[in-house]
Amino acid sequence: MNNEIYHGMKNFQRETFVTGFFANELSNTIGVPLEHENNMYAMFLRPDIKLLFNEMRVLFALLLGLSIFISILLVIFITKFLVKPIASLTKGTKSIADGNLEVNLDIDRNDELGELAESFNKMTDKLKHSEKMRNDFMNNVSHDIQSPLSNIKGYTDILENNISNKKAPDQQANREYLHIIKEETERLSQLTDQLLLFSSLKNQEDILHKDQFNLTGELKKIIRNKQWKLDEKEIMISYSIPEINVIGDENLLNEVWDNLLGNAIKYNQPGGSIEVSAEEGDSFISITFSDTGIGISSEEKKRIFERFYRADSSRTSRVKGSGLGLTIVLMIVELHHAGIEIDSKPGEGTSVSVSLPKK
């Protein structure tokens, strides 16, 4: 009434929650002077609380709807990008546990779940490869055992029939039958020994016992033991082996020398030659077996260390092997942290070098 303006909202105490703006109180009011027909009046204005709350209800409804919509999107996102891959991994794991290895997860992501899925697929591939190798191993072992057993049974049946029918003994034929039976028995014995050694090496049993021994004497001993085979095929052998001591497992390394020299004899030409040499360097001792045999093609050389792999049967039909020898050689060489190299040309011969570390 004194021509002044009352501004309650201007002087309203500001706090974190401004719910006072929606109160029906004097502090939420503005008063202004008003002159009408020469009379002074005071006009007071305040917000329509009902209208304000209606607008707030609409705002809260919109916020609630938006929250529900965002929540649904988040659930879909979590389901698609988190729950679904985990469910696929769980399903794949159960399939593998049930023996089904044909599982491949199609999860293309760049996060931890993607890495887990990729590792799972790699594991599945390795399991399938291991299963295939196991089946091939069993098939090869069964075949390699069945073949000599069939030969032994067949020739013993022939000898038994000859005795039962009281035929005049054919000494020459009987000697041949007995010779074949003896060879097949030795073949079985060698296969059994190789399987046992292969199993021990594969399972990484504690069979490595390193010690210092004289390499020269061991190589000469193996050459003497193979002399009858050399004489049988009229193969000339020469060796240049200085006095060398090495550190390693004497028995396992003898398997290496025996196998490499045996292969040099087995795959050599009648009347051929073999050279055994040893050379001592600064860090390594190199032992080399060179022959003038049938040689190995470049394709065969890539697979020569695979278990039960045999070279082209058209070139090696006159020799028999288990296909485990060079696999065992490689495993023993790797146990000694050594290296092995093969240089070969078909029809010219093969040279195999083993490099043993001096320390």
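All of the points below concern the structure found in this document. (Residues numbered from 1 in each chain as written. Predicted model: local features only at pLDDT ≥ 70, side-chain atom pairs only at ≥ 80, totals over all residues. Heavy atoms only, no water.)

A few words on the pattern of salt bridges. Using the criterion set out here, one finds 8 salt bridges in the structure. Of the charged contacts, one joins Lys128 and Asp125 as a salt bridge, the two residues approaching to 3.8 Å between their closest N and O atoms. Of this pair, Lys128 and Asp125 both sit in helix α2 (residues 112-164), 3 residues apart, which is roughly one turn of the helix. Look at Lys128 and you get partly exposed, because its relative accessible area is 27%. (Salt bridge = Lys/Arg side-chain N within 4 Å of Asp/Glu carboxyl O. Helix = DSSP H or I, 4+ residues; strand = E, 2+ residues; numbered from the N terminus. Buried < 20%, exposed > 50% of the residue type's maximum accessible area, 1.4 Å probe, protein only.)

Further remarks concern the packing of aromatic side chains. Summed over the entire model, instances satisfying the criterion amount to 1 aromatic pair. Geometrically, the ring pair formed by Trp257 and Phe289 is stacked, given 6.3 Å between the ring centres and 25° between the ring planes. Of this pair, Trp257 sits in helix α6 (residues 250-266) while Phe289 sits in strand β8 (residues 284-291), and the two are 32 residues apart along the sequence. Here the two residues Trp257 and Phe289 agree in accessibility, since each one is buried. (Phe/Tyr/Trp six-rings, centres within 6.5 Å; stacked < 30°, edge-to-face > 60°.)

For helix α1 (residues 49-97), built from 49 residues, the straight-helix expectation of 72 Å at 1.5 Å per residue is met to within 8% by its first-to-last C-alpha distance of 68 Å. Buried residues of α1: Pro85, Leu89, Gly92 and Ile96, and no others. A positive backbone phi angle near 100° is found at Gly99, which sits one or two residues after α1. (Expected span 1.5 Å × (residues − 1).)

Here we take up the pairing of strand β10 (residues 349-357). Burial runs high along β10: 7 of the 9 residues are buried. Two elements, β8 and β10, share 8 bridges in a ladder whose sense is antiparallel. Looking at the pairing, Phe289 lines up with Val352 of β10. Taken together, the 7 bridges between strand β9 (residues 339-345) and β10 define a ladder with antiparallel strand orientation. Across the sheet, Ser344 pairs through a bridge with Thr350, a residue of β10. Where β9 hands over to β10, the hairpin turn is made up of 3 residues, of which Gly347 adopts a positive phi near 85°. (Pairing = 2+ DSSP bridges.)

Shape descriptors only; they carry no functional weight alone.
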